[in-house]
Amino acid sequence: MEVFSLDVLTEKFYGEERDFLENHYPGISLSRIKSELSHYSTETEYTAFFNQLRKGKPLEYIRSRAYFYKSEFYVDGNVLIPRSETEILVEQASLFAKKMNRQIDEKFKFIDIGTGSGAIALSLVQELDFPVSGVATDISSGALEVAKKNNFFLRFKYSKESNLEFKVADRLEGIKEKFHLVLSNPPYIKESDDRHKVHHQVEKYEPHLALYLKDEEYDSWFNKLFKQAQDALFEGGMFYMEGHEDHLEYQKNILEKFDFKDVQVVKDYTGRDRFLKGIKTCKN
Ligand SMILES: C[S@@+](CC[C@H](N)C(=O)[O-])C[C@H]1O[C@@H](n2cnc3c(N)ncnc32)[C@H](O)[C@@H]1O
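Residues numbered from 1 in each chain as written. Predicted model: local features only at pLDDT ≥ 70, side-chain atom pairs only at ≥ 80, totals over all residues. Heavy atoms only, no water.

**Observations concerning the site of the ligand**
Residues in close proximity to the ligand total 19 residues, the closest being Gly114, Asp138, Asp170, Arg171 and Asn185. The contact in question runs from a nitrogen atom of the ligand to an N or O atom on the backbone of glycine 114, over 2.8 Å. Between a nitrogen atom of the ligand and a side-chain N or O atom of aspartate 170, the distance comes to 2.8 Å. When isolated, the ligand has an accessible area of 600 Å², and the protein chains bury 97% of it. Residues belonging to the shell around the ligand are distributed by class as follows: 10 nonpolar, six polar and three charged. (Near = heavy atom within 4 Å. Polar contact = N/O pair within 3.5 Å; in protein donor to acceptor, adjacent residues only side chain to side chain. Areas by Shrake-Rupley, 256 points an atom, 1.4 Å probe, with all protein chains shown as cover. Nonpolar A, V, L, I, M, F, W, Y, C, P; charged D, E, K, R; others polar.)

**Brief notes about the packing of helix α5 (residues 87–103) against helix α6 (residues 119–127)**
A pair of packed helices can be characterised by two numbers: the angle between their axes and the separation between those axes. Running from amino to carboxyl end, α5 crosses α6 at an angle of 40°, the nearest separation of the two axes being 10 Å. By the angle class used here, α5 and α6 are oblique. The two elements α5 and α6 cross, and the hand of that crossing is right-handed. Counting all contacts with α5, which are made through Leu89, Val90, Ala93, Ser94 and Lys98, the residues of α6 involved are Ile120, Ser123, Leu124 and Glu127. Looking at the contact of α5 with α6, its residues break down into five nonpolar, two polar and two charged. (Axes fitted to C-alpha atoms, helices over the stretch in contact; angles between N-to-C directions. Helix = DSSP H or I, 4+ residues; strand = E, 2+ residues; numbered from the N terminus. Parallel < 35°, antiparallel > 145°, perpendicular 65-115°, else oblique. Left-handed = near helix turned anticlockwise from the far one by under 90°. Contact = heavy atoms within 4.5 Å.)

**So, the domain arrangement of the protein**
A common measure of how large an interface is: the accessible area buried when the components associate. For the protein, the assigned domains are domain 1 (6–56) and domain 2 (84–280). Distance from the C-alpha centre of domain 1 to the C-alpha centre of domain 2: 35 Å. Taken residue by residue, the interface counts four residues in domain 1 and four residues in domain 2. Buried area between domain 1 and domain 2, summed over both chains or domains, comes out near 330 Å², and the portion from carbon and sulfur atoms is 32%. Of all residues in domain 1, the largest losses of buried area upon contact with domain 2 belong to His24, Lys55 and Gly56, amounting jointly to 87% of the total for that side. In this assembly, domain 1 and domain 2 are joined by zero salt bridges. On inspection of domain 1 and its partner domain 2, the count reaches three residue pairs in polar contact (both at pLDDT 80 or more). (Domains from an automatic or database assignment. Buried area = accessible area lost by both parts, 1.4 Å probe. Salt bridge = Lys/Arg side-chain N within 4 Å of Asp/Glu carboxyl O.)

**Re the environment of valine 132**
Here valine 132 is to be found in strand β4 (residues 132–138). Of the residues examined, valine 132 reaches a relative accessible area of 0% and is grouped as buried. Sequence spacing of valine 132 and glutamate 106 is 26 residues, and the spatial spacing of their C-alpha atoms is 9.5 Å. The residues contacting valine 132, other than those within four sequence positions of it, are Lys107, Phe108, Phe110, Val125, Glu161, Ser162 and Asn163. (Buried < 20%, exposed > 50% of the residue type's maximum accessible area, 1.4 Å probe, protein only.)

**Considerations on the environment of lysine 148**
With respect to the helices and strands, lysine 148 occurs in helix α7 (residues 141–154). With 18 residues separating them in the primary sequence, lysine 148 and phenylalanine 166 have C-alpha atoms 7.1 Å apart.

**A word on unusual backbone geometry**
A positive phi angle is found at serine 64, which is not glycine, with a value near 60°. Relative to the elements of secondary structure, serine 64 occurs in the loop between α4 (59–63) and β1 (65–68). For serine 64, a relative accessible area of 23% puts it in the partly exposed group. Positive phi, close to 50°, is recorded for aspartate 262, a residue that is not glycine. The residue aspartate 262 is located in strand β10 (residues 260–267) in this model.

Written out as structure tokens, the structure reads:
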């Protein structure tokens, strides 16, 4: 009788599928596959894992886990896999929050629009060693369920005196509170014009609601977001969003027409335009 050996099976799979794997999972190694497999224990699970890899499904969705900033997040098809470049937004937000907190008497308040897995809001609240009040919104109730689940698992990693609320909302619609910080990593790919740049695995597996906006609604969608952010911020508060490298310079000009100063496009670590930020001012 043939003895089952996971190592032999994995090496055989890796040898046969090497080109496909290198194409679909840049940088993936045999040892990474072996380490992913260590989370499973039956032959049926191993086979299911290999079959999903053969289809090109992102590893994060196969394992329902993604690493972002300093934590592990549950992810499923309702949410975008959080990207490493978005960690810059958390770093910048945390620096701003620490500075602002020294200048105010009340509790620091922030909102994360389009929270998805909750990666931004939950990473920020963990980074701050003073009590804060945060709101995380998403138009997708499926995404919010994922964010709430992550909050349940990560709630011990932030101050008991901090609180996070999760709300279904279209951008800031219906949110009456004011904030010191408005954050967002919204959908920012034009459904038609920008689509050719989207990797086929992203297109196939990630929620389109998290990725795309209709070309003809793109500018008005952001105009509304900028207006809502302006109205929701206290004076001196910051708006910080992630965006598309091809559109941020144009959007900078639009944001400057609202009550914002020090409006800047910020690059990511690959040198690409990635973020837009501004400080709320009273222009009159
Ligand atoms: C690019 S994903 C970002 C997810 C998460 N914040 C992250 O950085 O990993 C955009 C998110 O915005 C949500 N979204 C799309 N349209 C929205 C809207 N009009 N209002 C609020 N959220 C929206 C999507 O459901 C998705 O979760």
